[in-house]
Amino acid sequence: MASPAPSMAFLLSLLLFAGMCSLSSSDYLIGVGSYDITGPAADVNMMGYANSDQIASGVHFRLRARAFIVAEPRGNRVAFVNLDACMASQIVTIKVLERLKSRYGDLYTEKNVAISGIHTHAGPGGYLQYVTYIVTSLGFVRQSFDVIVDGIEQSIVQAHESLRPGSVFVNSGELLDAGVNRSPSAYLNNPASERSIYKYDVDKEMALLKFVDSRSGPIASFNWFATHGTSMSRTNSLISGDNKGTAARLMEDWFQQRAPVRTEMGEIPRRVSTLVSDMNKNHSRLLEIAASYKSSKGQPVTNPLDAKVRVRKDSSRSFVSAFCQSNCGDVSPNVLGAFCIDTGLPCDFNHSTCNGKNELCYGRGPGYPDEFESTRIIGERQFKKASELFNKATEQLKGRIGYQHAYVDFSKLEVSVSKPGGFETVKTCPAAMGFGFAAGTTDGPGAFDFRQGDDKGNAFWKLVRNVLRTPGPEQVECQKPKPILLDTGEMKIPYDWAPSILPVQILRIGQFVILSVPGEFTTMAGRRLREAVRSVLASSASKEFGNNVHIVIAGLTNTYSQYVTTFEEYEVQRYEGASTLYGPHTLSAYIQEFKKLATALVNGQTIESGPQPPDLLSKQISLLAPVVVDVTPLGVSFGDVKSDVAPNSRFARGGGAQVNVTFWSACPRNDLMTEGSFALVERLIDGGGGRWLPVYDDDDLCLKFKWSRPTRLSPESYGRIEWRIPDSASAGVYRIRHFGASKSLLGSITTFSGTSSAFAVV
Ligand SMILES: *[C@@H]1O[C@H](CO)[C@@H](O)[C@H](O)[C@H]1NC(C)=O
Ligand SMILES: *[C@@H]1O[C@H](CO)[C@@H](O)[C@H](O)[C@H]1NC(C)=O
């Protein structure tokens, strides 16, 4: 006999009950935040490739700091910030911690805050304090530094102020096609027995945290996956978050599209047409409307806030998704392999050269030869894997929140390493870079040639090159087999060239453990570090960590000290080995120090905090010239259209058509448009009384802002806005707007805007 069907109401209440149970079981308070850190989009050297010619001149999409805080209601808390920047910077970290101290006392310190960089090579440089990292940016760039410090602070403030009961779930899975080993010949020098444990020569695992508000549902996801931010090349000049920034943009938009967005016109589904449905059929009416909207003269914007119009307005309601960096040292996103640009043949396997020349060997991304396409594809692959892991995340983080942190002087650390039949004590060395460093990698060959003559080299290089130091015999012996190109650890004029004191840190949220490392670990170096920490946690007497512990490496975190290879990879001295600063035992030193942290973590001890890293802010030298003045030709105003869309233009969706408009503009350094936009695409609201709705801004992948001067020293400039019409765009009448700020001879800054003629998208 069939049992009587349960009533609908009963089922519903059962579902509700189940829902409440799972929601009320949270043990943590969670909070997230996100803030714009897009630096100067002109004149400033990009950080990463150390290519003096790679100067910012526009925006591909914006850079952000994304933060989460997880707290025990009456206990410990940890904060993690992911930066769309090449790497964390010691001086940025120091200044952020000072600000957090003045806001919150001892709630957030160097011990429980981690600040990590995604390793994009398309962000403005000059925000690091050690000389080596600011040679190509003409020294320190205050504007780059300020916007990052401000943005990190704001993202943490948002996360702190939004702390509420919630749960964190973890999930992980393999992503196979987003990274390849770019130094396989070095990897092959690792012992065969060790290599045989692993299926691949790079780590393919992505680990993801999903943050769920007990009342409103999912609010954020953060994941860690190892692949370099070098989908954009060393000649790109548009600010970009590269593949990880792309993935974050795609995932946040994906989530947001499920929820309506509040606009000035009321709640509308995001980017869904509010235009009448027959628009598509009625071309002549479209063109009529289009023709009636002529280009407006660049009226000065009286309220500067008008220039801060953008599509993603309500950040407090927004979903935050961060794609964090891991042990990417030898992992390239240019997955098609490295080829010679002259012959098209694969480069020499052992040396990545073409006929002996390294400058001809380039890695190819999946969109080759279009770097924007490669960036999108590698970003989309990470986004798709992350959204899949997000949808299926069921393992809840449970247990204590904890952290350990120490500053360690890596220039002279005694390290105990095992050798056949026992242990021996070895030492790390003062920082030095080998000749393999100058050769660069297949992602950016020939970068950073410090040895160039006086006739080349920029003003900052000329200032500092005289202090090049010949390493003493002890240093030569210590760094062997690295042939020393630059003895940076022993160069202190005009101030330190490289760090010697580095932070090491463990954050723990229940069974999830983050290892914050201040550099780029290679694949195998990362594996060894994770396994060393895992064995300490597993062997702890408390049995708190069972077999089920998730350990991720957060690369490029808290400060930057270049690469970390294994001892065997160091022997090969490819780029990564040549850039492993503290000698052959650098990795062993990390493993030793992290074991101490892990032991202290499980035993609840406090570890000695170690020597403070220096604050070199007051010593910084800056040679980047300021903006002198912006002008327009006679009879033309800032924001006037220089080159408009053709009259009565009509573009079909789906054909990849691109609309181009050029405005008379001014230097973007006058106003970074933080949390705003240099460019907007607006759509005419049907029945909206001539009102326009912003639908795309310069944070969208389809919209590019390109800034240029007619000649290098000209005070005139152009802002070209390119909109590749997405297939998903609604039919309707559109226009393009540009926002900027100009500088007068006396130094005052005035905002302006300009508007193109209207055009139809059908
Ligand atoms: C790379 O170098 C190794 C060790 O010197 C050598 O055995 C191997 O044949 C080289 N491979 C190629 C493809 O040149
Ligand atoms: C916009 O410029 C691109 C080249 O950058 C060109 O291919 C395209 O045809 C232009 N669009 C229009 C509508 O002229």
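My aim in this report is to walk through the structure given alongside it, one point at a time. (Residues numbered from 1 in each chain as written. Chains lettered and ligands numbered in written order. Predicted model: local features only at pLDDT ≥ 70, side-chain atom pairs only at ≥ 80, totals over all residues. Heavy atoms only, no water.)

What about helix H2 (residues 90-104)?
Then, number 1: Compared with the 21 Å implied by 1.5 Å per residue over 15 residues, the 21 Å span of H2 between its first and last C-alpha is a close match.
Then, number 2: Among the residues of H2, those classed as buried are Gln90, Ile91, Val92, Thr93, Ile94, Lys95, Val96, Leu97, Leu100 and Tyr104.
Then, number 3: Against strand S6 (113-117), helix H3 (142-161) and strand S26 (501-509) lie the buried residues of H2.
Then, number 4: Count one or two residues on from H2 and you reach Gly105, which has phi positive near 65 degrees. (Helix = DSSP H or I, 4+ residues; strand = E, 2+ residues; numbered from the N terminus. Expected span 1.5 Å × (residues − 1). Buried < 20%, exposed > 50% of the residue type's maximum accessible area, 1.4 Å probe, protein only. Contact = heavy atoms within 4.5 Å.)

Thoughts on the packing of aromatic side chains
Then, number 1: All told, the structure shown has 28 aromatic pairs when counted by the stated rule.
Then, number 2: Taking the centre distance of 5.0 Å and the plane angle of 75 degrees together, the rings of Phe521 and Tyr590 count as edge-to-face. Taken together, the positions of Phe521 in strand S28 (residues 520-521) and Tyr590 in helix H15 (residues 586-603) put the pair 69 residues apart, joining distant regions of the chain.
Then, number 3: On the basis of relative accessibility, which here comes to 0%, the residue Phe521 falls in the buried class.
Then, number 4: On the basis of relative accessibility, which here comes to 0%, the residue Tyr590 falls in the buried class.
Then, number 5: Pairing Phe678 with Phe705 gives two aromatic rings, centres 4.8 Å apart and planes at 15 degrees, and the pair type is stacked. Of this pair, Phe678 sits in the loop between strand S33 (658-665) and strand S34 (679-684) while Phe705 sits in strand S36 (residues 703-708); the two residues are 27 residues apart in sequence, bridging distant segments of the chain.
Then, number 6: Since its relative accessible area comes to 1%, Phe705 is described here as buried.
Then, number 7: In textbook terms, an aromatic cluster arises when at least three aromatic residues are bridged by ring pairs, as seen for Phe68, Phe80, Phe211, Phe222, Trp224 and Phe512.
Then, number 8: A cation over an aromatic ring shows up here: Arg364 above the ring of Tyr368, its NZ or CZ 4.2 Å from the ring centre.
Then, number 9: Across the ring face of Tyr718, the terminal group of Lys642 is positioned such that the distance to the ring centre comes to 4.6 Å. (Phe/Tyr/Trp six-rings, centres within 6.5 Å; stacked < 30°, edge-to-face > 60°. Lys NZ or Arg CZ within 6 Å of the ring centre and 35° of its normal.)

Describing the site of ligand 2
Then, number 1: The environment of ligand 2 is formed by Phe651, Gln658, Asn660 and Arg720.
Then, number 2: Within the backbone of Gln658, an N or O atom sits 2.9 Å from a nitrogen atom of ligand 2.
Then, number 3: Here Arg720 contributes a side-chain N or O atom positioned 3.2 Å from an oxygen atom of ligand 2.
Then, number 4: Bound to the protein, ligand 2 loses 38% of the 360 Å² it would expose on its own.
Then, number 5: Classifying every residue of the shell around ligand 2 gives one nonpolar, two polar and one charged. (Near = heavy atom within 4 Å. Polar contact = N/O pair within 3.5 Å; in protein donor to acceptor, adjacent residues only side chain to side chain. Areas by Shrake-Rupley, 256 points an atom, 1.4 Å probe, with all protein chains shown as cover. Nonpolar A, V, L, I, M, F, W, Y, C, P; charged D, E, K, R; others polar.)

Some details on the pairing of strand S27 (residues 512-516)
Then, number 1: Of all the five residues making up S27, five are buried; the element is thus mostly covered by neighbouring parts of the structure.
Then, number 2: Residues Phe512, Ile514 and Ser516 point to one face of S27 and Val513 and Leu515 to the other, with burial holding for every one of them.
Then, number 3: With five bridges joining them, S26 and S27 adopt antiparallel strand pairing. Following the sheet pairing, Gln505 is matched in S27 by Ser516.
Then, number 4: The hairpin turn running from S26 into S27, its antiparallel successor, is two residues long, and Gly510 in that turn takes a positive phi close to 55 degrees.
Then, number 5: Pairing of S27 with strand S29 (residues 550-554), which is carried by five bridges, proceeds in the parallel orientation. Counterpart to Ser516 in the pairing with S29 is Ala554. (Pairing = 2+ DSSP bridges.)

Here we look at the state of the cysteines
Then, number 1: Per the counting criterion, the structure on display carries three disulfides.
Then, number 2: Covalent S-S linkage joins Cys340 and Cys354, the inter-sulfur distance amounting to 2.1 Å. With the S-S bond torsion at -100 degrees, the cross-link from Cys340 to Cys354 turns out left-handed. Residue Cys340 is found in strand S16 (residues 337-340), and its partner Cys354 is found in the loop between S16 and strand S17 (361-364); the two are separated by 14 residues along the sequence. Here Cys340 matches Cys354 in class, with each residue buried.
Then, number 3: Each bonded cysteine of the protein chain gets a number by its place in the sequence, and the pairs then read 1-3, 2-4, 5-6.
Then, number 4: For Cys86, which is in no disulfide, the shortest distance to another cysteine sulfur is to Cys328 and amounts to 9.2 Å. (Disulfide = S-S within 2.5 Å.)

Some points on the pattern of salt bridges
Then, number 1: Taken as a whole, this structure holds 39 salt bridges when the rule is applied.
Then, number 2: With a closest N to O distance of 2.7 Å, Arg99 and Asp150 form a salt bridge. With Arg99 in helix H2 and Asp150 in helix H3, the pair connects residues that are 51 residues apart, well separated along the chain.
Then, number 3: Residue Asp150 is classed as partly exposed on the basis of its relative accessible area of 33%.
Then, number 4: For the salt bridge of Asp487 with Arg469, the shortest nitrogen-to-oxygen distance reads 3.2 Å. A residue pair is termed long-range when its members are at least 10 positions apart, and Asp487 in the loop between strand S25 (484-486) and S26 and Arg469 in the loop between helix H10 (459-464) and helix H11 (473-479) qualify at 18 residues. (Salt bridge = Lys/Arg side-chain N within 4 Å of Asp/Glu carboxyl O.)

Focus on the nonpolar core
Then, number 1: Counting residues in hydrophobic clusters, the biggest one holds 133 residues, and the most contacted among them are Tyr127, Ile152, Leu537, Phe594 and Trp723.
Then, number 2: Looking at this core, the element that brings in the most residues is H15, giving nine residues.
Then, number 3: Taken together, domain 1 (23-259 + 318-328 + 372-411 + 506-619) and domain 2 (271-310 + 626-761) each give at least three residues to this core, which thus spans both.
Then, number 4: Here Trp723 is in contact with Ala657, Gln658, Val659, Val681, Tyr696, Cys702, Leu703, Ala729, Tyr734, Ile736, Phe759 and Val761, once residues within four sequence places are set aside.
Then, number 5: Listed in part, the 28 residues of the second largest apolar core include Val70, Ala114, Val320 and Val552. (Core = buried A, V, L, I, M, F, W, Y, C linked by side-chain atoms within 4.5 Å. Domains from an automatic or database assignment.)

Remarks on the sheet that holds S26
Then, number 1: Ordered by their spatial adjacency, four strands build an open sheet running S19-S26-S27-S29, and the pairing between neighbours is mixed. Edge positions in the sheet fall to strand S19 (401-409) and S29, since each of these pairs with one other strand and no more. Direction aside, the axes of adjacent strands within the sheet are offset by 15 degrees on average.
Then, number 2: Sheet analysis places S19 next to S26, joined by nine bridges and oriented antiparallel. Paired with Tyr407 across the two strands is Pro503, which belongs to S26.
Then, number 3: Sheet contacts for helix H12 (residues 523-538): S27 and S29; angle to S29, the most-contacted strand, approximately 140 degrees. (Axes fitted to C-alpha atoms, helices over the stretch in contact; angles between N-to-C directions.)

Some points on the side chain of His585
Then, number 1: Relative to the assigned elements, His585 resides in the loop between helix H14 (575-578) and H15.
Then, number 2: Sequence-distant contacts of His585, defined by excluding residues within four places in its chain, comprise Val426, Lys427, Thr428 and Phe567.

Digging into the packing of H2 against H3
Then, number 1: Axis separation between H2 and H3 bottoms out at 10 Å; the angle between their running directions is 40 degrees. Looking at the two axes, H2 sits oblique to H3. Of the two elements, H2 crosses H3, and the hand of that crossing is right-handed. Contacts between H2 and H3 involve Ile91, Val92, Lys95, Val96, Arg99, Leu100, Arg103 and Tyr104 on the former and, on the latter, Phe145, Ile148, Val149, Asp150, Ile152, Glu153, Gln154, Ile156, Val157 and His160. (Parallel < 35°, antiparallel > 145°, perpendicular 65-115°, else oblique. Left-handed = near helix turned anticlockwise from the far one by under 90°.)

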